[in-house]
Amino acid sequence: MVENISATVKLHDGADMPGFGFGCYKASGPELALAVREAVACGYRYIDTASYYHNEDTVGEALRHSGLAREKLFVLSKIWPAEYDEPVRALDQSLRLLGLDYLDGYLLHWPGQDNARRLRAFEQLLRQKEAGKIRVLGVSNFLEVQLSELHDVFGFWPVINQIEVHPLFSQAGLCRFCAQWGIQVISWSPLGRGREMENALVRGLAADLGRTPAQILLRWHLEKGLLPIPKSVHVQRVRENAAVFDFRLTPEQVEALDGLHLSDDQGRMGPDPLLYPR
Ligand SMILES: NC(=O)c1ccc[n+]([C@@H]2O[C@H](COP(=O)([O-])OP(=O)(O)OC[C@H]3O[C@@H](n4cnc5c(N)ncnc54)[C@H](OP(=O)(O)O)[C@@H]3O)[C@@H](O)[C@H]2O)c1
């Protein structure tokens, strides 16, 4: 488990990545630029974006202005399924917008409905990794069936799977599967996009521990070996979300939060990877 916001975890191929990240979905313009610079100042080293977010240029510029050396950052972007026929072009476009000559992380954003296209894209991106344009190639929103298919075709498990995880939608089975094969889970919507912060148990723990609901939720991810990437465009919240390394939850408190899990239909905030995008 990471001990501070800049500490790294070791992935199963030997690469390192920060064990905590900063999400950039649904943020743009000057407020995103300010938030990214604040995140870097607070110690966040992994910045999470995607071609789909249409903000890679703003992220890249903010990172250049942060003053931090390139090699200290972990910049991750994602390729959208509609781009799977031309993955090199999509990668080059992300690099151009970000103003970088390599990405630390690059993920297939969703499995999509076409297995052959997805596998071809992964294969072509593996060559880009060998050429030094990607350090860590992974996937996002993959279920066991798609992870297993990649393993069968390429002979190894992807190093990362970025999936929706928060207490009301904990994906325990998929997380166990990933842990079994050494796949690092990155939790997207780690705060349940705000919904979980209203939960009575979360609020009660926050009051007991003198913390905020967001901090309780983020600590839950860390206690479980998950890698959360909270997003906020408010400087105070960016700082609040980073201040989760000076307290712990007990196993009983983690278990109580595990008990909040709802059925898939009620728990998930995002779409079902089996159905989306069409
Ligand atoms: N791979 C995928 O398919 C996928 C899908 C979705 C998201 N993601 C990634 O995961 C990241 C995080 O997920 P998310 O943005 O959906 O949701 P989230 O991080 O769970 O929640 C973000 C929401 O919570 C608010 N918030 C943040 N910190 C707060 C605090 N301390 N107190 C109160 N409210 C707070 C934010 O508002 P303000 O910004 O107004 O503060 C925003 O409305 C994304 O930004 C993106 O990088 C990936």
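If you're wondering where the values come from, they're calculated on a predicted model, not measured in any experiment.

K.L.:
Would you mind going over the pattern of salt bridges in detail, with residue names and values included?
P.N.:
The full count for this structure, using the stated rule, is 16 salt bridges. Via salt bridges that share partners, Arg-70, Asp-104 and Arg-135 belong to a single interconnected network.

K.L.:
So, the environment of Phe-177: which residues are in play, and what are the values?
P.N.:
Tracing the chain through its elements places Phe-177 in helix α6 (residues 172–180). Judged by its relative accessible area of 11%, Phe-177 is buried. Put simply, Phe-177 and Glu-144 are 33 residues apart on the chain and 7.2 Å apart in space, counted from C-alpha to C-alpha. Leave out the neighbours within four places in its chain, and Phe-177 touches Glu-144, Leu-147, Ser-148 and Trp-157.

K.L.:
Give me the side chain of Gln-146: which residues, what numbers.
P.N.:
Mapping Gln-146 onto the fold places it in helix α5 (residues 144–154). Aside from chain neighbours lying at most four places away, what touches Gln-146 is Pro-111, Arg-118, Asn-141 and Leu-274.

K.L.:
Run through the packing of helix α1 (residues 29–42) against helix α2 (residues 56–66), naming residues and quoting values.
P.N.:
Between α1 and α2, the least distance of the axes is 9 Å, while the angle of their chain directions is 40°. On the basis of the axis angle, α1 is oblique to α2. Regarding α1 and α2, the two cross each other, and that crossing is right-handed. When α1 is examined against α2, the residues Gly-29, Leu-32, Ala-33, Val-36, Arg-37 and Val-40 are found in contact with a partner set consisting of Thr-58, Val-59, Ala-62, Leu-63, His-65 and Ser-66. Partitioning the contact of α1 with α2 into residue classes produces seven nonpolar, four polar and one charged.

K.L.:
Hey, could you go over the pairing of strand β8 (residues 160–164) for me, with residue numbers and the actual values?
P.N.:
Burial of β8 is extensive: five of the five residues sit out of reach of the surface. Pairing analysis gives two bridges linking strand β7 (residues 134–140) to β8, with the strands arranged parallel. Each bridged residue has a counterpart across the sheet, and for Val-139 the counterpart in β8 is Asn-161. Each parallel crossover has a hand, and the one from β7 via α5 to β8 is right-handed. Pairing analysis gives five bridges linking β8 to strand β9 (residues 184–188), with the strands arranged parallel. Along β9, the bridge assignment pairs Gln-162 with Ile-186. This β-α-β element, β8 to α6 to β9, shows right-handed connectivity.

What counts as what
Residues numbered from 1 in each chain as written. Predicted model: local features only at pLDDT ≥ 70, side-chain atom pairs only at ≥ 80, totals over all residues. Heavy atoms only, no water. Salt bridge = Lys/Arg side-chain N within 4 Å of Asp/Glu carboxyl O. Helix = DSSP H or I, 4+ residues; strand = E, 2+ residues; numbered from the N terminus. Buried < 20%, exposed > 50% of the residue type's maximum accessible area, 1.4 Å probe, protein only. Contact = heavy atoms within 4.5 Å. Axes fitted to C-alpha atoms, helices over the stretch in contact; angles between N-to-C directions. Parallel < 35°, antiparallel > 145°, perpendicular 65-115°, else oblique. Left-handed = near helix turned anticlockwise from the far one by under 90°. Nonpolar A, V, L, I, M, F, W, Y, C, P; charged D, E, K, R; others polar. Pairing = 2+ DSSP bridges. Right-handed = clockwise from strand over helix to strand, strands pointing away.

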